[in-house]
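# Chains, contacts and geometry: an overview
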Amino acid sequence: MHILHVVGARPNFMKASPVMGALERWDGVNQTLIHTGQHYDRNMSELFFEQLELREPDFNLNVGSGSHAEQTANVMLCLERVVLEQKPNLVLVYGDVNSTLAAALVCAKLGISLGHVEAGLRSRDRSMPEEINRILTDQVADLLFTPSADADANLLAEGVPPEKIHCVGNVMIDTLIHLLPQASQSEVLKKLNLLNEHRQPISYVLVTLHRPSNVDDPETLSRLIAALQDISARLPVVFPMHPRTSNRLVKAGLVPERGKVQMVEPLGYLDFICLQCHATVVVTDSGGIQEESTYLGVPCLTMRDTTERPITVTMGTNQLIDQDTDKLVRQVECILAGQKKKGSIPPLWDGHASDRIATIIETWWHGESPTR
Ligand code: UD1
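Below, the structure is looked at part by part. Every value quoted in this text rests on a predicted model; they were computed, and no experiment measured them. (Residues numbered from 1 in each chain as written. Predicted model: local features only at pLDDT ≥ 70, side-chain atom pairs only at ≥ 80, totals over all residues. Heavy atoms only, no water.)

## Observations concerning the packing of aromatic side chains
Enumeration according to the criterion identifies two aromatic pairs in this entry. An angle of 40° between the planes, with centres 6.4 Å apart, marks the rings of tryptophan 364 and tryptophan 365 as tilted. Judged by relative accessible area, which is 24%, tryptophan 364 ranks as partly exposed. The class of tryptophan 365 is partly exposed, set by a relative accessible area of 37%. (Phe/Tyr/Trp six-rings, centres within 6.5 Å; stacked < 30°, edge-to-face > 60°. Buried < 20%, exposed > 50% of the residue type's maximum accessible area, 1.4 Å probe, protein only.)

## Comments concerning the site of the ligand
Looking at the ligand, there are 21 residues lining it, with His39, Tyr40, Asn98, Glu130 and Arg244 nearest. Note that an oxygen atom of the ligand is positioned 2.9 Å from one of the side-chain N or O atoms of histidine 210. Within the side chain of asparagine 247, one N or O atom sits 3.1 Å away from an oxygen atom of the ligand. Look at the ligand: alone it shows 740 Å² of surface, and the protein chains cover 87% of it. The set of elements that each furnish at least two residues to the shell around the ligand consists of α1 (10-24), α3 (68-86), α5 (129-140) and α11 (243-251). The element contributing the most residues to the shell around the ligand is α11, with three residues. Tallied by class, residues from the shell around the ligand come to six nonpolar, nine polar and six charged. (Near = heavy atom within 4 Å. Polar contact = N/O pair within 3.5 Å; in protein donor to acceptor, adjacent residues only side chain to side chain. Areas by Shrake-Rupley, 256 points an atom, 1.4 Å probe, with all protein chains shown as cover. Helix = DSSP H or I, 4+ residues; strand = E, 2+ residues; numbered from the N terminus. Nonpolar A, V, L, I, M, F, W, Y, C, P; charged D, E, K, R; others polar.)

## Here's the deal with helix α4 (residues 98-110)
Between the first and last C-alpha of α4 there are 19 Å, a value that for 13 residues agrees with the 18 Å anticipated at 1.5 Å per step. Among all positions in α4, only Asn98, Ser99, Thr100, Leu101, Ala102, Ala103, Ala104, Val106 and Cys107 are buried. Buried-residue contacts for α4 involve β1 (2-7), α1, α3, β4 (90-94), β5 (114-117) and α5. Two residues or fewer after α4 comes glycine 111, characterised by a positive phi angle close to 70°. (Expected span 1.5 Å × (residues − 1). Contact = heavy atoms within 4.5 Å.)

## Thoughts on the pattern of salt bridges
Counted according to the given criterion, the structure contains 21 salt bridges. Measuring nitrogen to oxygen at the nearest pair gives 2.8 Å for the salt bridge that ties arginine 25 to aspartate 355. Taken together, the residues span a long stretch of sequence, with arginine 25 in the loop between α1 and β2 (30-35) and aspartate 355 in helix α16 (residues 353-365) at a distance of 330 residues. Owing to a relative accessible area of 28%, aspartate 355 belongs among the partly exposed residues under this scheme. Measuring nitrogen to oxygen at the nearest pair gives 3.1 Å for the salt bridge that ties aspartate 216 to arginine 244. Pair noted here: aspartate 216 is in the loop between α9 (212-215) and α10 (218-231) and arginine 244 is in helix α11, with a separation of 28 residues, a long-range link. We classify aspartate 216 as partly exposed; its relative accessible area is 28%. Classification of arginine 244 by relative accessible area gives partly exposed; the value is 29%. (Salt bridge = Lys/Arg side-chain N within 4 Å of Asp/Glu carboxyl O.)

## Let's talk about the pairing of strand β6 (residues 143-146)
Along β6, one buried face is formed by Leu143 and Phe145 and the opposite face, lined by Leu144 and Thr146, is buried too. With three bridges connecting them, β5 and β6 associate as parallel partners. The residue bridging valine 117 from the neighbouring strand is phenylalanine 145, located in β6. Between β5 and its parallel partner β6, the chain crosses via α5, and the hand of that crossover is right-handed. (Pairing = 2+ DSSP bridges. Right-handed = clockwise from strand over helix to strand, strands pointing away.)

## Here's the deal with the environment of glutamate 163
When you line up the elements, glutamate 163 lands in the loop between α6 (149-157) and β7 (165-167). Expressed as a C-alpha distance, the spacing of glutamate 163 and leucine 144, which sit 19 residues apart in the sequence, is 9.3 Å.

Quick look at the structure:
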């Protein structure tokens, strides 16, 4: 059986890595990896391939940045040629980025079977490009691998036949569990001056913000930066910055006071996980970080008014605080005062989601009806 994996942007890499690893253990499979090139900076792409032990892509489509239409269309044009030549039996796509939707459309038009890893998540906010990508990808997928029961319910409500839906758990958590021992060896705390004289981690806030809704409007971005500067008067704030955010800061002429908020380049996987493990609180608008912090039991304040990962709020340590910067400052104070939300780890976030995916694909390939 020939399986072709399509990845393109940073959050795809930690999802594809354990799935490829699990499929590798099955003798009858031949795998091809395609990188669309949506993310191309070394520290947004290559570094992740190295740390996640992902093999070199067999094809790089080098599509780069562009408008949504340009990016999606360029992936479609380049990928169609590769799919026609490679003739895979199944294409696997990951998450909700533009490359995911583009690949899904190519497969649907060519009549190639499609599997979607991380299917069924919904924020119900159609102004997010990712929400459109999720809905449309799930509509054309043949095998839908979901991380939690809420995702199954969303798919059933949209009319997806139940036999296509497989609740397997969270593949990002597979990677997290696998690489935690290596992440704990990272020197990042020392490098960023986050150790005390006994070499123990001090209290600090870890920030990531890159959603268009938070960073594209200069006024919103400026309010968020001002709030982070307020917080940095109480404890260090570390902000590894996505290129979209740094570009917007420069464009808006918003260079924060030096030294107060520690702005650094985007970090590799191992350094970032190490920082997350020891953070007093994480402030984010990322999807994956809401999940990782829930697994790690670290308080997470999400600067959005919706989440496609509600289980991180109902079961985990995540709290949605919209774009309310006063609330952000207040919640950080509460956490510092010891008022932390208690959470637990959702079912099937156990490090074996990828093994379940591999078993289901094998059974599907042999023409049986997989047990759910
Ligand atoms: C994309 C995903 C988002 C995901 C995020 C993780 C979509 C619609 N969005 O958003 O869901 O959370 O990746 O990082 O697919 N840039 C660089 N170097 C790079 C990549 C991007 O400088 O390697 C800059 C470019 O200026 C580019 C901008 O970042 O225009 C945005 O990149 P793009 O891939 O379009 O979207 P992201 O904001 O990264």
